[in-house]
Amino acid sequence: MLFCKRFRLPAVLLLIVLAAIPVQAAPPSHETRSLAPTYRIFATREGLVGQQTANGHIIQPRDRFVALPSWRNLSSYQGYEYQVRLTYNGRTTVVPVWDVGPWNTNDNYWSPNRENYRDLPVGVPMAQAAYLDGYNGGLDEFGRRIQSPNGIDIADGTFWDDLGMTGNDWVDVTFLWLGEDPGPGGAIPSDPVPVPDQPANPAPAPDTDPAPGPVDNPRVPSGATAVDNGASGYDADGDAWETANCGLNGSHDWVAATTDPAQNAHSATWTPELTRAGFYEVQVYIPPCGGEQTTDDARYQITHAGGTVDRSLDQAAQAGSWAALGTYRFERSGGRIELSNLGPAAGMAVHFDAIAWLPVTDNGAPDASITNIIRQGNGYLIQWGGEDDVSGIESYDVQLRQLPKGGWRDWKRETGETEDWFGPDEGKHFAFRVRGRDGLGNEEPWPDEADMDTTQAEVPEGEAPLPPTATPKPVEPEPPAAEEPGAELPPEEPAEEPEAGETRAEESGEEQPPAEEPPPPEEPATAEPGAEQNTGGG
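The model shown is predicted, which means the values in this text are computed figures rather than measured ones.

K.L.:
Explain helix H3 (residues 126-133) to me, and be specific about the residues and the numbers.
P.N.:
Note that an α-helix has 3.6 residues per turn; residues three or four places apart therefore point the same way. What H3 keeps buried is the set Met-126, Ala-127, Gln-128, Ala-129 and Ala-130. Close packing links the buried residues of H3 with strand E6 (169-175). Just beyond H3, the residue with positive phi is Gly-134, at close to 75°.

Written out as structure tokens, the structure reads:
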């Protein structure tokens, strides 16, 4: 109003004048932002299908996202607030940040206002500096030894399908929330921003600072025959194996586990040439590096002279050591060990390194015993077993005797069975003992006493009760029937009458022990009534 009054211009004229004054337009918004920075970062495959990311996403096969080692730039669940452009060998894609890692969780190395490790240049992950230069003693923020310089994890679909990667490698990563997207073909890696007050081109490290070497130094067990990965006798199948700088001879192969045989399945076979046939303890070396998490369920298949067995090994618990898979008999050739990355722990590292065959001697005899006697019908189920520390028990001998005074007689000879039925008992009780024989012929001596007898038998519900013992405890015994007027002793059974258990033993093909001799007639007063008058029982 003051302006109008002073120059006495009509209001309409004032509007015309103001409209004629040129106004400078604001520059387009995209001109106010520089291009987002791009750094060349060592990338590893995420894997871990079926597990949950830091923002709650369940990882799917052939998924598309990345993980960065900081919580500060994590997108929300299924969100796209933070994205990166990945460029590799002429292929490029944009994906969201849905997970935190690898190694660290507070290393926003891409930020000019870096939260931690400010003595490192911007654009250099702490894990890279730790692995290549020994930064922080080579350890991550949790005190773990860093085994790879990776600063980003890439989900499987992005890794394999979008970028065409076949192994871990250096990738150009553009951090899109820090500037404009350069678009396909426009990402140019920036040199890492030097730390303030330090020269842009620092002097190289002195020669006295060696390059990173193997993190362990295993040796083959003395006297063993070993087959290392990559050596003669080792055959691997599968593409895109990973390699880590630890293990026998300084390196080994590893690959992430999978539950799907069609998805990146890997396997390997170790085949030794042994100097002689015999018993060997199989030992596998588990390196302490390679991958962020090691499987607890590596599945080995062992083919030996006696057949094939499967063994599961917790590689994570055995890291950095030789782990035993058992002792088996091997011929000079023909034995082998197989391992694949198939298993329930998808995404975890399965390690493929050296396997050793350590010859063992077996001079000790087995330790066998009768383990149980169970009442069955008019007889008993006799069970036995044992242990041998090296070659295992090959066969058993079982003997019995009639209680109370019978002598020991063979019932089983060189049998591989561990149970059989004995009977009918015909009202008698019997004792049993067993000895074992191992794979090298070491034979256990007979025990002096019985292992068990039928008075100790377990009687399941519904089974017939045990016969009275041959030597019952004296509890107010009634006068023997033979002392009563006119009483007679039970007649002796004919010698040709078959013994108890003979029919069942013949049916099973087992040798039946001979019948016991009846007691001399001049000793009727010391024998229990009818205790040894019936011959038979086995």
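Past the structure itself, the notes keep going.
K.L.:
Mind laying out unusual backbone geometry, listing which residues take part and the relevant values?
P.N.:
Outside of glycine, negative phi angles account for most residues, and trans bonds account for most peptide bonds. Across the junction of Gly-101 and Pro-102, the peptide omega takes the value 5°, indicating a cis bond. Note that Pro-102 resides in the loop between strand E4 (91-100) and H3. Following Leu-403, the chain continues to Pro-404 via a peptide bond in cis, the omega torsion being 10°. Mapped onto the elements of the fold, Pro-404 is located in the loop between strand E21 (393-402) and strand E22 (409-415). Positive phi outside glycine occurs at Asn-249, with the angle close to 65°.

K.L.:
Would you mind going over the pairing of strand E11 (residues 267-270) in detail, with residue names and values included?
P.N.:
By the bridge criterion, four bridges tie strand E8 (residues 234-237) to E11 in an arrangement that is antiparallel. The partner of Tyr-234 across the bridge, within E11, is Trp-270. Two elements, E11 and strand E16 (residues 336-340), share four bridges in a ladder whose sense is antiparallel. Bridge pairing in E16 places Ala-268 opposite Leu-339.

K.L.:
A description of the sheet that holds strand E13 (residues 298-304) should follow, citing residues and the corresponding values.
P.N.:
Ordered by their spatial adjacency, five strands build an open sheet running E8-E11-E16-E13-E14, and the pairing between neighbours is antiparallel. Strands with a single pairing partner mark the edges of an open sheet, and in this sheet they are E8 and strand E14 (307-313). Taking the axes of each pair of neighbouring strands and ignoring which way they run, one obtains an average angle of 15° across the sheet. Of the strand pairs in this sheet, E13 and E16 are connected by four bridges, and their pairing is antiparallel. Within the sheet, the bridge partner assigned to Thr-303 lies in E16 and is Arg-336.

K.L.:
Give me the sheet that holds strand E12 (residues 278-286): which residues, what numbers.
P.N.:
Within the open sheet, the four strands sit side by side as E7-E18-E12-E15. Their pairing is antiparallel. The two strands at the open ends of the sheet, each matched to only one other strand, are strand E7 (225-227) and strand E15 (321-330). Looking at each pair of strands side by side, their axes are set apart by 20° on average, direction ignored. Looking at chain direction, E12 and E15 are connected through nine bridges and run antiparallel. Across the sheet, Tyr-285 pairs through a bridge with Trp-322, a residue of E15.

K.L.:
Explain the pairing of strand E1 (residues 38-45) to me, and be specific about the residues and the numbers.
P.N.:
Counting buried positions along E1 gives seven out of eight residues, so the element sits mostly inside the fold. As judged from the three bridges shared by E1 and strand E5 (residues 152-154), these two strands associate in the parallel manner. Bridged to Ala-43 within E5 is Ile-152.

K.L.:
Residues and numbers for the side chain of His-429, please.
P.N.:
Checked against the element boundaries, His-429 lands in the loop between strand E23 (419-422) and strand E24 (430-438). Side-chain polar atoms of His-429 contact the backbone oxygen of Pro-468, separated by 3.5 Å.

K.L.:
Can you explain the pattern of salt bridges? Please cite residues and give values.
P.N.:
Any two side chains of opposite charge can pair, so long as their charged atoms come close to each other. Within the structure shown, the criterion is met by 19 salt bridges. Here Asp-420 and Lys-412 are joined by a salt bridge, their closest N and O atoms 2.2 Å apart. In this structure, a network of salt bridges that share partners links the residues Asp-397, Arg-413, Arg-435, Arg-437 and Glu-443.

K.L.:
So what about the packing of aromatic side chains? Which residues, and what values?
P.N.:
Evaluation of the coordinates by the stated rule reveals 23 aromatic pairs. A ring pair is formed by Phe-175 and Trp-177, whose centres lie 5.7 Å apart and whose planes are at 80°; its orientation type is edge-to-face. For the pair Phe-175 and Trp-177, one class covers both residues: buried. An aromatic cluster is built from Tyr-39, Tyr-82, Tyr-109, Trp-110, Phe-175 and Trp-177, whose rings are joined through pairwise contacts. Here the guanidinium or amino end of Arg-375 rests over the ring plane of Tyr-380, the centre of that ring lying 4.9 Å away. The cationic tip of Arg-401 hangs over the ring face of Trp-408; the distance from NZ or CZ to the ring centre is 5.6 Å.

Procedures and definitions
Residues numbered from 1 in each chain as written. Predicted model: local features only at pLDDT ≥ 70, side-chain atom pairs only at ≥ 80, totals over all residues. Heavy atoms only, no water. Buried < 20%, exposed > 50% of the residue type's maximum accessible area, 1.4 Å probe, protein only. Helix = DSSP H or I, 4+ residues; strand = E, 2+ residues; numbered from the N terminus. Contact = heavy atoms within 4.5 Å. Pairing = 2+ DSSP bridges. Axes fitted to C-alpha atoms, helices over the stretch in contact; angles between N-to-C directions. Polar contact = N/O pair within 3.5 Å; in protein donor to acceptor, adjacent residues only side chain to side chain. Salt bridge = Lys/Arg side-chain N within 4 Å of Asp/Glu carboxyl O. Phe/Tyr/Trp six-rings, centres within 6.5 Å; stacked < 30°, edge-to-face > 60°. Lys NZ or Arg CZ within 6 Å of the ring centre and 35° of its normal.

That's the geometry; what it means functionally is another story.
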